[in-house]
Amino acid sequence: SGVVVDPRNTPLAGADVIISGTTIGTTTNARGEFDLRAPADTATLQVRRLGYTTSSLALSTRSMDTTRTRVTLREANQAPGAVVVASEAAPVRQ
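Here the residue numbering is sequential within each chain, running from 1 through the sequence in written order. Given that the model is predicted, a residue must reach a pLDDT of at least 70 before its local features are reported, and side-chain atom pairs must reach 80 or more before they are shown or counted; all residues, however, enter totals for whole chains, interfaces and linings. Only hydrogens and water are set aside when side-chain values are computed; all heavy atoms of the structure are taken into account.

Check the secondary structure of the chain and you find one helix and seven strands. Put simply, DSSP H or I for four residues or longer makes a helix, DSSP E for two residues or longer makes a strand, and each gets a number counted from the N terminus. Going from N to C terminus, the chain has its helices and strands arranged as β-β-β-β-β-β-α-β. Expressed as a percentage of contacts within the chain between residues at least 6 apart in sequence, the contacts between residues at least 24 apart total 46%. The contact definition used throughout considers only heavy atoms, calling two residues in contact when any of these lie within 4.5 Å.

Structural data, given as structure tokens:
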């Protein structure tokens, strides 16, 4: 389990937390918290959120079970005036 925050220690909701090389992942809740169970002795977590740089963290499953992992994401460097566009597709019924 753990929490994802920004450099100001503000929790980041909606960050994706994925165990590299697997299809195991989750999304942080409104308090930036997540809970995952790794299938092996060691795991690399990839944490990403729109507008922030991706972070990779190598952890042992023992440390994941006994301690709360804290991940700080840094804001992505964007050119002045840059616009980030997010889109979600929905099926269209005819």
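Moving on: the pairing of strand S7 (residues 69-72). Three exposure classes are used, based on accessible area relative to the maximum for each residue type with a 1.4 Å probe and protein chains only: buried under 20%, partly exposed in between, and exposed over 50%. Side chains Thr69 and Val71 project from S7 onto a buried face, and the interleaved Arg70 and Thr72 project onto a face without burial. Here, strands pair whenever DSSP counts at least two bridges between them. In this structure, strand S1 (residues 2-5) lies alongside S7, joined through four bridges in parallel fashion. In the sheet register, glycine 2 faces S7, and the bridge partner there is threonine 69.

Moving on to unusual backbone geometry. Of note, the phi angle at asparagine 9 is positive, near 70°, even though the residue is not glycine. Summarising the element assignment, asparagine 9 is placed in the loop between S1 and strand S2 (16-19).

Our next topic: the sheet that holds S1. Pairing is mixed across the open sheet formed by three strands, whose spatial order is S4-S1-S7. The strands lining the two open edges of the sheet, one partner per strand, are strand S4 (33-34) and S7.

Membership of the largest hydrophobic core comes to 14 residues, with the highest contact counts inside it found for Val4, Val17, Leu45, Val47 and Leu73. Looking at this core, the elements with two or more residues in it are S2 and strand S5 (42-48). Top contributing element to this core by residue count: S5, with three residues. For valine 17, the residues in contact, after removing those within four places along its chain, are Val4, Ile24, Gly25, Thr26, Thr28, Phe34, Leu36, Leu45, Gln46 and Val47. Residues belong to one nonpolar core when they are buried, are Ala, Val, Leu, Ile, Met, Phe, Trp, Tyr or Cys, and are joined through side-chain atoms within 4.5 Å.

The next point concerns the pairing of S5. A one-sided burial pattern is seen for S5, the buried positions being Ala43, Leu45 and Val47 and the unburied ones Thr42, Thr44, Gln46 and Arg48. Judged from the four bridges that link them, S2 and S5 form a sheet pairing that is antiparallel. Bridged to isoleucine 18 within S5 is glutamine 46.

With that settled, the discussion passes to the pattern of salt bridges. Every case where a carboxyl oxygen of Asp or Glu lies within 4 Å of a side-chain nitrogen of Lys or Arg is listed as a salt bridge. Under the defined criterion, the tally for this structure stands at five salt bridges. We note a salt bridge from arginine 8 to glutamate 75, for which the minimum N-O separation is 3.3 Å. One end of the pair, arginine 8, is in the loop between S1 and S2; the other, glutamate 75, is in the segment after S7, and 67 residues separate them in sequence. Relative accessible area serves as the criterion here: at 58%, arginine 8 is assigned to the exposed category.

Right, let's talk about the sheet that holds S5 for a bit. Ordered by their spatial adjacency, four strands build an open sheet running S3-S2-S5-S6, and the pairing between neighbours is antiparallel. The two strands at the open ends of the sheet, each matched to only one other strand, are strand S3 (25-27) and strand S6 (55-60). Averaged over all adjacent pairs, the angle separating strand axes in this sheet is 20°, with direction ignored. To define axes, lines are fitted to C-alpha atoms, for helices over the stretch in contact only, and angles between the resulting N-to-C directions are given on a 0 to 180 degree scale.

Coordinates in, geometry out; function isn't part of it.
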